[in-house]
Each structure stands twice: as C-alpha cells, then as structure tokens.
Amino acid sequence: MTEPSPTSSPRNPHYTLPNDWDFAKERLALLGAAFDPESIALAQRLGVGAGWRCLDAGAGGGSFARWLCSVTLPGGRVLAVDADARHLTDLPDRGGEVAQIELVADELPEGAFDFVHTRFVLLHIAKRDIVLERLVGALAPGGVLVLEEGDGLGVLDEMSGAFGDVWRAFARSTENAGANQAWARSLPRHLESLGLVDVRAEAGIPMFRGGSPMARMWNLTWIQVHETLVAHGVSHKVIAAARAELEDEHRWFYAPPTVRAWGRAPL
Ligand SMILES: C[S@@+](CC[C@H](N)C(=O)[O-])C[C@H]1O[C@@H](n2cnc3c(N)ncnc32)[C@H](O)[C@@H]1O
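Structure report, in brief. (Residues numbered from 1 in each chain as written. Predicted model: local features only at pLDDT ≥ 70, side-chain atom pairs only at ≥ 80, totals over all residues. Heavy atoms only, no water.)

1. Considering the overall build of the protein
So, step 1. Helices and strands together make up the secondary structure of the protein, namely eight helices and nine strands.
So, step 2. The C-alpha radius of gyration computed for the protein amounts to 18 Å, which stays within 12% of the reference 18 Å derived for 267 residues, consistent with globular compactness.
So, step 3. Across its three principal axes, the protein shows a C-alpha extent of roughly 55 × 40 × 35 Å.
So, step 4. Considering the protein as a whole, with its 267 residues, one finds that 55% of them fall into the buried category.
So, step 5. Look at the contacts in the protein between residues 6 or more apart in sequence, and 74% of them connect residues 24 or more apart.
So, step 6. Carbon together with sulfur atoms contributes 51% to the accessible area of the protein, which is approximately 11700 Å² in total.
So, step 7. The centroid of the 25 positive side-chain charges in the protein is displaced by 2 Å from the centroid of its 34 negative side-chain charges. (Helix = DSSP H or I, 4+ residues; strand = E, 2+ residues; numbered from the N terminus. Rg over C-alpha atoms; globule rule 2.2 N^0.38 Å. Buried < 20%, exposed > 50% of the residue type's maximum accessible area, 1.4 Å probe, protein only. Contact = heavy atoms within 4.5 Å. Areas by Shrake-Rupley, 256 points an atom, 1.4 Å probe, with all protein chains shown as cover. Lys, Arg positive; Asp, Glu negative; His and termini not counted. Charge placed at Lys NZ, Arg CZ, Asp CG, Glu CD.)

Rendered as structure tokens:
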C-alpha cells in the first residue's frame, strides 16, 4: 500500500474523520470488518430478517447496510444515509436506497422503519439529542432502535504504551470538535425518556491483536488525524511508535468500550 498522507483540511470541520480522505474507504471497510460480526449478531438476536424496513444512519462505508440488504430484501427496505454518502453508491444495485442526509439539519421519514441503527455516529455530533429524537421518530410502532456508540468508560486513562497516549489525544481532539466520549453510557436513560420500551444495554471492550483489521483501522486513523494529534501535543515519534505497536502481531490491545443500547417503540 502507498503510504497515505494525513487529512489536512477536512471539508466538514465538525467531523474529525471525513469520508473524502484518500484512504477513508479502506478505513471504513476495516471498521466494518472489525465491528460487523457483533452488530450482525445483535440484529439477528432482535429478529431482523426478511421484509424488515431498515434505516442505517451515518452508514459510512456501508458494510452493515449491505448485510441488511442481504437479509431483508426483497420485501423489506434498506435506507442508508450519511452526510457524505460517497462510499454507498453500490447499494441501489443491491436493492437498497441511499440519501445524503445531515442528521441534525435534515428530516428523516417518520414512522417508517422496523429497525433503525447507528454505529459510532452520534457521539461525534454536538447536537446529538436532536438526532436521537429524530431517529426515535423514524420508528414505526413496534420498531427497534439500536445505537452502538463509543465511550471512554473507565479505560481511556489506563490504556498503556504509545497507543494509549495517542488515543487520549485523539479523544481530546474529537471532544474539541463536538464529540462526547462519555455520552453513550447514558443512552438507556435517554431511550426510556424518549418513550421507548424494553430498553436494554451492554458495553463491550474490543480486544485485538496487532495486525488485525481493528489494528489496521486504528493505524489508518492515526495517519488521517496525524496533524490534529500533533496539535494536541503528541510528538511524531510517539505517533510512529503507536503505529509500530499496532503492526506487532505479538501485542494485544484494547480500545474504549462500545456501548450498545436498544429499545422498542410502543405498539
Ligand atoms: C465512524 S463513521 C461510522 C460509519 C458506520 N456507521 C460504521 O460503523 O461502519 C461515522 C459516519 O457518520 C457520518 N456522520 C458524521 N456526522 C454526521 C452527521 N451530522 N450527519 C450524517 N452523517 C454523519 C460520517 O460521514 C461517517 O460516515
């Protein structure tokens, strides 16, 4: 692989990892490879299948939306939306729909979906409460909302090595841009206060080996945000050390937890 250059001038200043970066498609594919198995397992537990009408909000590289197409169509509906939908162009060939939608400013179809999903989206959006209400409003009676969002939850301060140093600076940089790395833990309460029933939640700490898709995803992430990390006090040397750690197949890492919270719209 040619060494990619870092993102220098993100088009959307409010999102730290814009999709127009040269290697964003590859980074999003690695994100999907790392997280799809658990997302799919949860969707299957919740019964997602033939005929379900689904919305993936902030669909990114589209891997989860592609899985939704494979299990719900024909007969169902898959709408994948993103503020930058450039990596979703193949979905119509699979029977899915794509819309370029900015989740704070733009409307979503109301009362239209049996399954509404986000993964690593709302934590990045400063006005996330508006988006959460809109996602709840998109549910048909009985429909399920699933949010999978990152949260520092007790581990950020303890992460060791250069990887930990870089992660903490990355977390600070995302928070300066409007993200909240301590919000997802309150999701169950938010879902209940918005009227959802059967609310459940769990949090899992991803543990992964150097060289794995998750490690390669973080390696590309550190390249994409290189200048931002430097601006947040991390030296080039520490970033290089973190990247070398991530390539070492003898090392194991953990990342901040993924909080998964879900609930159902009343019938
Ligand atoms: C970390 S990526 C996650 C992509 C995908 N959900 C996944 O897990 O594979 C976050 C995605 O959310 C999108 N996004 C961020 N802010 C958004 C907003 N305000 N409205 C719509 N999409 C947004 C980004 O463009 C990006 O594709």
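2. Section: the site of the ligand
So, step 1. For the ligand, the set of nearby residues contains 16 residues, the closest of which are Gly 58, Asp 82, Glu 102, Leu 103 and Arg 119.
So, step 2. Here a nitrogen atom of the ligand sits 3.1 Å away from a polar atom, N or O, in the main chain of Ala 83.
So, step 3. Starting from 590 Å² of accessible surface for the ligand in isolation, the protein chains cover 95%.
So, step 4. When the residues that make up the shell around the ligand are grouped by side-chain class, the tally is ten nonpolar, three polar and three charged. (Near = heavy atom within 4 Å. Polar contact = N/O pair within 3.5 Å; in protein donor to acceptor, adjacent residues only side chain to side chain. Nonpolar A, V, L, I, M, F, W, Y, C, P; charged D, E, K, R; others polar.)

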